[in-house]
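Chain residues, written in single-letter form:
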Amino acid sequence: MANVVTENLTRVFETKSKRILALDGVSFEVQRGEVFGLLGPNGAGKTTLIRILTTLLLPTYGRALVGGFDVVKEAKKVRSIIGFSSSSERVGFDFVTARRNLWFFSQLYGTPISEANRRIEELAAMLDFQDQLDRKLYTLTTGYRQRLNIARAFINGPQVVFFDEPTNGMDVFSAKKIRELFVKEAKTNSRTIFLATHNMFEAEEVCDRVAIIDRGRILAIDSPENLKSSLSKPVVLLETDIAGASIGDPTQLEGVVGGTIKVDDENEAAKIRVILRDEDFLEKILGLLEKRRVRVFNYQRIEPTLEDVFISLVGAGFAERERGIEA
Amino acid sequence: MLGRASQRGRGALRRSFVIWVKVAVSRALIRIVAMYGDPLWIVVNVGGPMLTSLALAFLYRLAGLSSLTGFAILGGGMVSYWGNVIWSMASQLNWDKRSGMIYLYIASPAPLTALLIGMSLGGILGTLPSSIAVLIIGTLLFRPPFAPPTMAVALIFMLTLVALYGMGIALSSLYLILGRESEEVNEVLYESISFLSGIYFPSIGRFSPLPLAVQAVASLIPLTLGMDALRRTLFYAEGLTELWPNLSALAAMAVASIFIGLRTLSYIERRGRETGDILVAMK
Ligand SMILES: Nc1ncnc2c1ncn2[C@@H]1O[C@H](COP(=O)(O)OP(=O)(O)OP(=O)(O)O)[C@@H](O)[C@H]1O
Ligand SMILES: [Mg+2]
C-alpha cells in the first residue's frame, strides 16, 4: 500500500522581488515499510516538500496523500498518523525531564498514558538513553537531545514519519543509532520513513529508495544500487598537486559530463573527480594537465557514489550547486 | 444509513473532545512542572513580589497609613499572576515559533486553543502557591484591616484571572506576528501596565492620584478593574450591588480577548500555510 502519494505537486513562493518555483510538478509514491530518501543540495525543495506532506504548508497546484488522506482537505486526519522532526527545532522544555517531555508530546496525540509510557521505555532502549530519561533536558548533551528529538517523532506510533536532515551536525555514534532505528521501525513496524538529507552516505546506508531532487524537480528515483549501476560512464579520481586547482570548473574540460574539484590548501593538493563521456577522454585530460604543469600523483577509476549520479544528472556537484555555479 | 453517519460523527466529536482535554491538561501540567523545575523561577516569582509588597507596606506604616498596608499586600498577591501572564503567556507562542516547537504543534492533532487554555490553567495553578504565600506572610506581619472574604471576593478574583489570562491569550497570538522584538514589547507593556493598573495603589476611582484621561485609559486594562473591585470588596466592604459595572466589564473583556486571541491564532495558522511566512523561523 502506498503511504505517500504526490501528483504533480507544485509550490510557488511569491516574494516582493521574485517568484520562486520551489517544487515543480513532483509525482511519486512511497510504500509502507519503506525508508525513502530525498537527496538534493541546498534549496532543492526538500523542506518545502516535507512541509506540504506534514500539512504545514499548502501546495500551489497538485495533490498529496499521506496514509490515504489528502494533506489539504483532510489535514486533521493526516496529522494524527504522522510524526515529524527536523534538526532545527528545540527538543522540548528545558526544566522538564526527558521522560516528561516525551509524555507531553504523546498527549498531543491523545495517546493513552500506559501506551505512552511503554513507548517511551521502548524508544529510550532502542536509542540507548534510558539512563537519561529522568534528567532535565538542559542537563543533556547535544547527542542525547538529538536522540530524544528523533524518539519524539515516533511517540504516537505514526504510520509515516518525516525527518528533515535528522542527523545534521550529529556525532557519529548517535547518527548510527538513529539510522538503525529507522530501518528497524520500517521493517518491523511497517512504518514509512521519509527523510530529507544532503548526506550521500546516509542516503546509501539506510534508504530502500532515493529520489534525487534539484531545483524543485525529481530527476531520478530508484534504489541506491540501481541508481549507481545506471551510471554506465566511468568515474575517475585524479589526485594532483595544488596547481590542479587552476583548471577551475572541471565541467569545462572536453569529454567531461560533470565533475567536482576539492582543493586541500593545507596539504597543497587537489582532488579532481570527473565523470567522463567515455574512457578515451582520460588521456586527453592527463595531457592537458601536463601542459598546465599540474603534477598528477595518482589517478584511478572508482566506484560511483550517489553524488556521481547527481553530477551526471545535473552536470555539477552539490557544493557547486550550493555555491550557485551553473552547469 | 443516516443513523450510522451521525454515530460516526458523534464518535469523531468525542475523540476530538478527549484530545482537547488531554492536550489542555498535559500543557497545564508541563507548565507547572517547568515552573517548579527552575529554581530561579521560584526565587523571582515568590521572592520578588514578596519583597516589593513588604517594602511598600513598611512605607505605608511609617507614613502613618497603616490602614493602607493591605493595598501593598494584596498587590503582592496579584502581581505574580500579571507577571506570569506577560512573561510566560504573552511571549510563549512567539518563543515556540522561534524555537520551532509551534510546527510540532501544528503538525499534530493538538488544537492550539487547548494548548493556550492549558497554558493559562497551568499558569494560574502554578502561581497560586506563591500568591498565597505573599498574602499569608504579609497578613501575619502587618495585620491589615481586611474585611472577611466573601463569595463576592471569590467571584471577582476568578473573573479578574479569567480576564487577565484572556488578555494573555490575545497577546500570545498577536505576538506571533512579531519576531525577536517581542521581548522589548513585553518589557514596555509590563512596566506601563503594572503602573496603570494600580497593582499597589488605587489607579482609578475616588482615591486615584491620576488625571481622569489617564484613568479612562487605565480602565481598558482588565487588571485595573479587577484590582479596583478587589480593593473595594476587601477594604471597603462593597458588594455586588456596587461592583456589577466592574464585573460585567471584566466578563466582556474576557470574552472579547479570548475571542480575538483564538481568531488571530487561526488566521495566522491559515496564512502561514498559504504564504509559508510564519514557517520561516525568524532569527
Ligand atoms: N517561505 C518561503 N518564502 C520564499 N521562498 C522560500 C520559502 N521557503 C522556501 N523558499 C525557497 O524555496 C526553495 C526551496 O527551499 P527549501 O527550503 O525547500 O530547500 P531545501 O532543499 O530544504 O534546502 P536546504 O538543504 O538548504 O534545507 C529555495 O529557493 C528557498 O529559498
Ligand atoms: Mg531544508
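Residues numbered from 1 in each chain as written. Chains lettered and ligands numbered in written order. Predicted model: local features only at pLDDT ≥ 70, side-chain atom pairs only at ≥ 80, totals over all residues. Heavy atoms only, no water.

**Q** How should the overall build of chain A be read in this particular structure?
**A** For chain A, the helix and strand inventory stands at 11 helices and 14 strands. For the C-alpha atoms alone, the extent of chain A along its principal axes is close to 75 × 45 × 40 Å. By residue count, 55% of the 327 residues in chain A fall in the buried class. Taking the average location of the 45 positive side-chain charges in chain A and that of its 46 negative ones, the two points are 7 Å from each other. (Helix = DSSP H or I, 4+ residues; strand = E, 2+ residues; numbered from the N terminus. Buried < 20%, exposed > 50% of the residue type's maximum accessible area, 1.4 Å probe, protein only. Lys, Arg positive; Asp, Glu negative; His and termini not counted. Charge placed at Lys NZ, Arg CZ, Asp CG, Glu CD.)

**Q** I would appreciate a short explanation of the sheet that holds strand 12 (residues 256–264) of chain A in the present structure.
**A** In sheet architecture, strand pairing relies on hydrogen bonds along the backbone and comes in two forms, parallel and antiparallel. Residues and elements named next belong to chain A. Pairing is antiparallel across the open sheet formed by 4 strands, whose spatial order is 12-13-11-14. Whereas interior strands pair on both sides, the edge strands pair on one side only; in this sheet they are strand 12 and strand 14 (296–302). Each strand of the sheet is rotated relative to its neighbour by a mean of 15°, with strand direction disregarded. Bridge count between strand 12 and strand 13 (residues 269–276): 8 bridges; the pairing is antiparallel. When the sheet's bridge partners are listed, Asp 264 is paired in strand 13 with Ala 269. (Pairing = 2+ DSSP bridges. Axes fitted to C-alpha atoms, helices over the stretch in contact; angles between N-to-C directions.)

**Q** Looking at this structure, how should I read the packing of aromatic side chains?
**A** To describe a pair of aromatic rings, you give the distance between the ring centres and the angle between the ring planes. Residues and elements named next belong to chain A. Under the counting rule described, the total for this entry stands at 19 aromatic pairs over all chains. Ring plane angle 35° and centroid distance 6.1 Å describe the contact between Phe 28 and Phe 194, whose orientation is recorded as tilted. On the criterion of sequence distance, the pair formed by Phe 28 in strand 2 (residues 19–31) and Phe 194 in strand 8 (residues 192–197) is long-range, its members being 166 residues apart. Ring plane angle 55° and centroid distance 5.1 Å describe the contact between Phe 95 and Tyr 138, whose orientation is recorded as tilted. Residue Phe 95 is found in the loop between strand 6 (82–86) and helix 3 (98–107), and its partner Tyr 138 is found in the loop between helix 4 (113–126) and helix 5 (142–153); the two are separated by 43 residues along the sequence. (Phe/Tyr/Trp six-rings, centres within 6.5 Å; stacked < 30°, edge-to-face > 60°.)

Nothing here speaks to function; it is geometry throughout.
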